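Structural overview
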Amino acid sequence: MKQIRHLKTMQRWALDSKRTSGKVALVPTMGCLHEGHVSLIKRARKSAGTAGKVIVSIYVNPTQFGANEDFSSYPRDLTRDLNICDREGVDVVFMPSDTSMYPDTTEKEYSTYVIESSLSPKMEGKSRPAHFKGVTTVVCKLFMLTLPDMAVFGAKDYQQAAIIRRMTSNLNIPVKVIIAPTIREKDGLAMSSRNAYLNKEERSQSPILIQTLTEAKGIVRSSPDQSIQTTKIQSILKARIRTKKLAKLDYIAFFDPVTLQPLDKVCKGSHMALAVYFGKTRLIDNIRL
Ligand code: AMP
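Residues numbered from 1 in each chain as written. Predicted model: local features only at pLDDT ≥ 70, side-chain atom pairs only at ≥ 80, totals over all residues. Heavy atoms only, no water.

**A short note on unusual backbone geometry**
Unlike most non-glycine residues, Met123 shows phi in positive territory, near 40 degrees. By the secondary structure assignment, Met123 is in the loop between helix H4 (98-101) and helix H5 (124-127). Met123 sits in the buried class, given a relative accessible area of 10%. Residue Leu260 is not a glycine yet carries a positive backbone phi of 60 degrees. Looking at Leu260, the relative accessible area reads 1%, which means it is buried. (Helix = DSSP H or I, 4+ residues; strand = E, 2+ residues; numbered from the N terminus. Buried < 20%, exposed > 50% of the residue type's maximum accessible area, 1.4 Å probe, protein only.)

Structure follows, in structure tokens:
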């Protein structure tokens, strides 16, 4: 397994690999890898085939964190991550530095960003205003540096995946975007590097996210015509979340799965997402109803 830190080395490897090997599949991550990431790596290998190459990028991207968010405390464990990648048969781990990705920001030499303007301002974008500008910019840069044929993202970050799909299509980027299912703990909590922040009591209440999503699905499927007014289902679900003392709801949203347009009436096939705080830890999850 190759470890690459320099941007030019990565791009040279990608260009050479395009000439000599099969498909290249990229899995972008911020590290602190868990079984969710591993499932994306396996999916990438399946798509690239045995003759192809799998690249995992590990980069905690500063531009997608807000000023009061957890950039400096975000969990990092590179030795463990490298062992996992090696075990999973990854060909290249790409680990760029901040100074190479965003050189001379103080001198304003870094001044180019990618902005998706329709899907980004909703939901996560409302709570984290600059987040998706950081995500689309870094993903675009990673695409240019690794030149993949396909890239795998998790359905756990549903809005992010939809935005990347839109960006790739709008900018005619020749990368196939693959969205892989959410991997969960035994009690249904979606795996996340941020779960490590939860204390014992918070962790024990955290399955409320999947319980609320599952309850919503049950309500929709058992309603007449399999549909219900958004305001009605919202108030049932909010009451459910209030039963967990440590859970503080940020938002519940019901939306069209492609356009992410909010819905007045929720039906079978509509999508639901929610974000809940436990102390300072913000957890997100989503489901197709
Ligand atoms: P992160 O390292 O949190 O930026 O995530 C990197 C990629 O892994 C993103 O595409 C996420 O959507 C995906 N991911 C994170 N958690 C999970 C999970 N529990 N199941 C599947 N994919 C996930």
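Read on for the rest.
**Describing the domain arrangement of the protein chain**
On domain assignment, one finds that the protein chain holds domain 1 (2-180) and domain 2 (193-288). For domain 1 and domain 2, the distance between their C-alpha centres works out to 27 Å. Counting residues at the interface gives 22 residues for domain 1, matched by 18 residues for domain 2. Contact between domain 1 and domain 2 buries roughly 1,700 Å² in total, counting both sides, with carbon and sulfur atoms accounting for 51%. Of all residues in domain 1, Met123, Glu124 and Tyr158 give up the largest surface area on contact with domain 2, accounting jointly for 37% of the area buried on that side. Along the contact surface separating domain 1 from domain 2 lie two salt bridges. One salt bridge connects Arg282 with Glu124, and the closest N-O pair in it is separated by 2.9 Å. Joining domain 1 to domain 2, the criterion identifies ten residue pairs in polar contact (both at pLDDT 80 or more). Of all the secondary-structure elements, those providing two or more residues to the side of domain 1 that touches domain 2 are H5 and helix H7 (158-170). By residue number, the principal contributor to the side of domain 1 that touches domain 2 is H7, which donates four residues. (Domains from an automatic or database assignment. Contact = heavy atoms within 4.5 Å. Buried area = accessible area lost by both parts, 1.4 Å probe. Salt bridge = Lys/Arg side-chain N within 4 Å of Asp/Glu carboxyl O. Polar contact = N/O pair within 3.5 Å; in protein donor to acceptor, adjacent residues only side chain to side chain.)

**What to know about the site of the ligand**
Around the ligand there are 17 residues in total, and His37, Gly154, Asp157, Ile183 and Met191 lie nearest to it. Here a nitrogen atom of the ligand sits 2.9 Å away from a polar atom, N or O, in the main chain of Ile183. Met191 places a polar main-chain atom, nitrogen or oxygen, 2.9 Å from a nitrogen atom of the ligand. Against a free-state accessible area of 490 Å², the protein chains account for coverage of 92% of the ligand. Contributing elements (two or more residues each) for the shell around the ligand: strand S2 (24-29), helix H2 (35-48) and strand S5 (150-154). (Near = heavy atom within 4 Å. Areas by Shrake-Rupley, 256 points an atom, 1.4 Å probe, with all protein chains shown as cover.)

**What about the packing of helix H6 (residues 131-146) against H7?**
Pairs of packed helices are described in terms of their axes, by the angle between the two and the distance that separates them. The N-to-C vectors of H6 and H7 enclose an angle of 55 degrees; their axes lie 11 Å apart at closest approach. Accordingly, the angle class assigned to the pair H6 and H7 is oblique. Considering the relative orientation of H6 and H7, their crossing is right-handed. Side by side, H6 and H7 meet where Phe132, Val135, Thr136, Val139, Cys140 and Phe143 of the first sit next to Gln159, Gln160, Ile163, Ile164, Met167 and Thr168 of the second. Across the contact of H6 with H7, the residue classes break down as eight nonpolar, four polar and no charged. (Axes fitted to C-alpha atoms, helices over the stretch in contact; angles between N-to-C directions. Parallel < 35°, antiparallel > 145°, perpendicular 65-115°, else oblique. Left-handed = near helix turned anticlockwise from the far one by under 90°. Nonpolar A, V, L, I, M, F, W, Y, C, P; charged D, E, K, R; others polar.)

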